[in-house]
Amino acid sequence: MAEIVVERTVGKAKKAVIAGLVAFNRRRMPASARYKSFAVTLRDNGEIVGGVTGECWTTVLFIQLLWIDERFRGGDFGTRLMAAIEEQARRFGARRAYVDTMSFQAPDFYRKCGYHEFGAIADYPDGVSRHWFTKALAPLPEKSVS
């Protein structure tokens, strides 16, 4: 008999849910709908001091996480990381990017990177708001054959 179980360790459950959802989606999406998960990192002497993670599914880049060590903030690294993940996503065929952030994190940064807000939830909680952004990604230029 099926039962509902609350899990405190999510690794195994998350893998099972992702596998089931991916299988479901693959049966309903065209064969051309691909999924790629990837990251772009900022390194200092080999140590990761920042990075952005994302996934492309079909033609959309979903930016999952962006972080830069405080020692490296303000040096244009965030903008460069965003440009790099967007460029890689375009190589995977992405034509749009999507990200969400909290009001105390980086909404102005994403606006500066050309993202447009399309939704927000106020009081999420206690005066914090959550914001959703999107951006059209220009196609990569065609390579000329000489």
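Preceding this section is the structure that the text describes.
Rules used throughout
- Residues numbered from 1 in each chain as written.
- Predicted model: local features only at pLDDT ≥ 70, side-chain atom pairs only at ≥ 80, totals over all residues.
- Heavy atoms only, no water.
- Pairing = 2+ DSSP bridges.
- Helix = DSSP H or I, 4+ residues; strand = E, 2+ residues; numbered from the N terminus.
- Axes fitted to C-alpha atoms, helices over the stretch in contact; angles between N-to-C directions.
- Expected span 1.5 Å × (residues − 1).
- Buried < 20%, exposed > 50% of the residue type's maximum accessible area, 1.4 Å probe, protein only.
- Arc of directions from axis to C-beta.
- Contact = heavy atoms within 4.5 Å.
- Patch = residues over 30% accessible without salt bridge, like charges linked within 9 Å, V, L, I, M, F, W, Y side chains within 5 Å.
- Areas by Shrake-Rupley, 256 points an atom, 1.4 Å probe, with all protein chains shown as cover.
- Salt bridge = Lys/Arg side-chain N within 4 Å of Asp/Glu carboxyl O.
- Polar contact = N/O pair within 3.5 Å; in protein donor to acceptor, adjacent residues only side chain to side chain.

K.L.:
Is there a simple way to think about the sheet that holds strand 6 (residues 130–136) in this case?
P.N.:
Strand order in this open sheet of six strands is 1-2-3-4-6-5, and the pairing throughout is mixed. Strands at the two margins of the open sheet, each flanked by one partner only, are strand 1 (35–44) and strand 5 (116–121). Along the sheet, successive strands turn relative to each other by an average axial angle of 20°, direction set aside.

K.L.:
Is there a simple way to explain helix 2 (residues 77–91) in this structure?
P.N.:
Helical geometry: 3.6 residues make up each α-helical turn, so side chains three or four residues apart lie on a common side. Taking 1.5 Å of rise per residue, 15 residues should cover 21 Å, and helix 2 covers 21 Å from first to last C-alpha, within 8% of that figure. Looking at helix 2, one finds that the buried residues are G78, L81, M82, I85, E86 and A89. Each buried residue of helix 2 lies within a common arc of 130° when the element is viewed along its axis, so the set occupies one face. Seen from the open side of helix 2, the exposed residues pointing more than 90 degrees away from its buried face are R80 and R91. Tucked inside the fold, the buried residues of helix 2 contact strand 1, strand 2 (47–57), strand 3 (60–68), helix 3 (107–112) and strand 6. Immediately downstream of helix 2, the backbone of G93 shows phi near 100°, a positive value.

K.L.:
Sorry if this is basic, but what is going on with the pairing of strand 6 here?
P.N.:
Looking down a regular strand, the side chains alternate between one sheet face and the other. Of all the seven residues making up strand 6, five are buried; the element is thus mostly covered by neighbouring parts of the structure. Bridge count between strand 4 (residues 96–102) and strand 6: seven bridges; the pairing is antiparallel. Note that in strand 6 the partner of R96 across the bridge is A136. As judged from the five bridges shared by strand 5 and strand 6, these two strands associate in the antiparallel manner. What sits directly across from E117, in strand 6, is F133.

K.L.:
Please explain a nonpolar patch on the surface as it appears in this structure.
P.N.:
A contiguous nonpolar surface patch, about 280 Å² in accessible area, is contributed by M29, Y35 and W57. One can find M29 in the loop between helix 1 (11–28) and strand 1.

K.L.:
Sorry if this is basic, but what is going on with the side chain of K135 here?
P.N.:
With respect to the secondary-structure elements, K135 resides in strand 6. Overall, the relative accessible area of 17% leaves K135 in the buried class. From its side chain, K135 meets the backbone oxygen of C113 in a polar contact 2.7 Å long. Ignoring anything within four residues of it in the chain, the contact list for K135 reads E86, R95, R96, A97, C113, G114 and Y115.

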